[in-house]
Amino acid sequence: MVDTARRDTGVEGVEGGVGLTALLVAAARAIETHRPDSLAQDSYAEHFVRAAPASAAWPVRIREVPDGDSNPLWGRFARYFGLRTRVLDDFVLQSVHTGGARQVVLLGAGLDSRAFRLDWPPGCVVFEVDREGVLAFKHQVLGELSATPKTTRIPISTDLRADWAGALTNAGFDTAAPTVWLVEGLLFYLPHAAETYLISTVDRLSAQGSALAFEVKLDKDLLEYRDSPLYTSTHRQLGIDLLSLFSREPRPDSATALAGKGWSTSVRTPFDFTRRHGRGPLPEANDALAGNRWVFANKPQP
Ligand SMILES: C[S@@+](CC[C@H](N)C(=O)[O-])C[C@H]1O[C@@H](n2cnc3c(N)ncnc32)[C@H](O)[C@@H]1O
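Residues numbered from 1 in each chain as written. Predicted model: local features only at pLDDT ≥ 70, side-chain atom pairs only at ≥ 80, totals over all residues.

Digging into the overall build of the protein chain
As a reminder, the rule being used: Every helix listed is a DSSP run of H or I at least four residues long, and every strand listed is a run of E at least two residues long, numbered separately from the N terminus. Just to be clear, the radius of gyration here is over C-alpha atoms, and the globule rule we use is 2.2 Å times residues to the power 0.38. We call two residues in contact whenever the C-beta atoms placed from their backbones are within 7 Å.
Helix and strand content of the protein chain: eleven helices and seven strands. Against the 2.2 N^0.38 benchmark of 19 Å for 302 residues, the protein chain shows a C-alpha radius of gyration of 18 Å, consistent with a compact globule. Viewed in the frame of its principal axes, the protein chain has a C-alpha envelope of about 55 × 45 × 40 Å. Sequence-distant contacts, at least 24 apart, represent 74% of the contacts inside the protein chain between residues at least 6 apart.

With respect to unusual backbone geometry
Phi angles above zero are rare outside glycine, and Ser 146 is one such case at about 50°. In this structure, Ser 146 sits in the loop between helix H5 (132-144) and strand S3 (152-157). Positive phi is not limited to glycine here, since Asn 286 has a value of about 45°. For Asn 286, the position within the fold is in the loop between helix H11 (270-277) and strand S7 (292-298).

Here we look at the site of the ligand
Let me state the cut-off plainly: The criterion for a residue being near a molecule or strand is simple: its C-beta atom, placed using the backbone, must lie within 6 Å of it. Residue type decides the class: Asp, Glu, Lys and Arg count as charged, Ala, Val, Leu, Ile, Met, Phe, Trp, Tyr, Cys and Pro as nonpolar, and the leftover types, Gly among them, as polar.
Around the ligand, the surrounding shell holds 20 residues, and the nearest of these are Ala 22, Gly 108, Gly 110, Leu 160 and Gly 185. In the shell around the ligand, the residues fall into nine nonpolar, five polar and six charged.

Comments concerning the nonpolar core
Just so we agree on the cut-off: In plain words, the nonpolar core is the set of buried Ala, Val, Leu, Ile, Met, Phe, Trp, Tyr and Cys residues that C-beta atoms within 7 Å link up. Put simply, a residue is buried when 20 or more other C-beta atoms lie within 10 Å of its own C-beta and exposed when 12 or fewer do; between those, it is partly exposed, and each C-beta is set from the backbone.
In this structure, Leu 23, Ala 26, Ala 27 and Val 49 are the most contacted members of the largest nonpolar core, which totals 81 residues. Take this core: its biggest share by element is eleven residues, from helix H3 (residues 72-97). If we ignore the near neighbours within four places in the chain, the residues touching Ala 26 are Ala 45, Phe 48, Val 49 and Leu 111.

Regarding the sheet that holds strand S1 (residues 103-107)
Just so we agree on the cut-off: Should DSSP find at least two bridges between two strands, the strands are regarded as paired. Here the axes come from fitting lines to C-alpha atoms, over the contacting stretch only for helices, and the angles between their N-to-C directions go from 0 to 180 degrees.
Here we have seven strands laid out as an open sheet, ordered S3-S2-S1-S4-S5-S7-S6, and mixed in their pairing. For this open sheet the edge positions go to S3 and strand S6 (264-268), each flanked by a neighbour on one side alone. The sheet shows a mean angle of 15° between the axes of neighbouring strands, taken without regard to direction. Where S1 meets strand S2 (residues 125-130), five bridges bridge the pair, whose relative direction is parallel. Paired with Leu 107 across the bridge in S2 is Val 129. Along the sheet, H3 makes contact with S1, strand S4 (179-183), strand S5 (211-217) and S7, crossing S4 at roughly 170°.

These values are about where atoms sit, not about what they do.
As structure tokens, then:
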């Protein structure tokens, strides 16, 4: 078991602290990939899981889980991540193919392999922003697979609690070009001020025609769901104490802040998409997903 009991463990890679959550999502995507009714395909995910000592023994197929889909972590929670992957795949593909954006920024990219697995129109560039240790692990695994991205890919090592805008613009980000921003599974780990800075920076760097999708938790008291099967099974089976990794500060209302800056916003529950796709998690009692919202925002054209 890996100790994630303190928020700032100092662990920079995927072996502990918040970096380990990138492996959790990768394992969920691996399981989703091999389901007969999968919502998203990520053939790289299981390679990340197998390559890290911390996760090498985790399941990458639902048949490897003794209690299968009734396991709260590898059943319901993994399906949640599979659904999220699919919904954000659709969002980014729609934004580049129909919306015309050619610049994509993944904030807290983790082991996201979209640059390698999605069909991009010509001329796209994908910036992947995460901490150095996570991106170094990703580079190593993808290198061993001789994986080739399907578009231009630029990893950027930086801490999103600091001023990351300079790192992005130094890496070639074009403030005049419409951008698709994905902030998937990140904001609950950041302090209030870092989320406020992130949202205002996205607005400042976004040309008209840009699009943003992000995930938040509305819960006023995160501990209300501390006995939720999702939290307790993740802690018990993997040693990942998500509640100790999440920021306990009150959350900013980022969707309303963006609307105030002229963005059009739509706030949805994951369950909306479960119903649309016919699979994924549905509401249940004592549900750690009850406060999760997926926000989709567009900065209108003039
Ligand atoms: C749950 S993972 C999600 C990864 C990816 N977006 C996905 O959905 O597969 C959270 C990611 O956020 C990154 N992260 C958390 N805090 C960060 C920070 N302060 N600066 C940069 N990255 C951070 C972690 O390293 C990790 O890769």
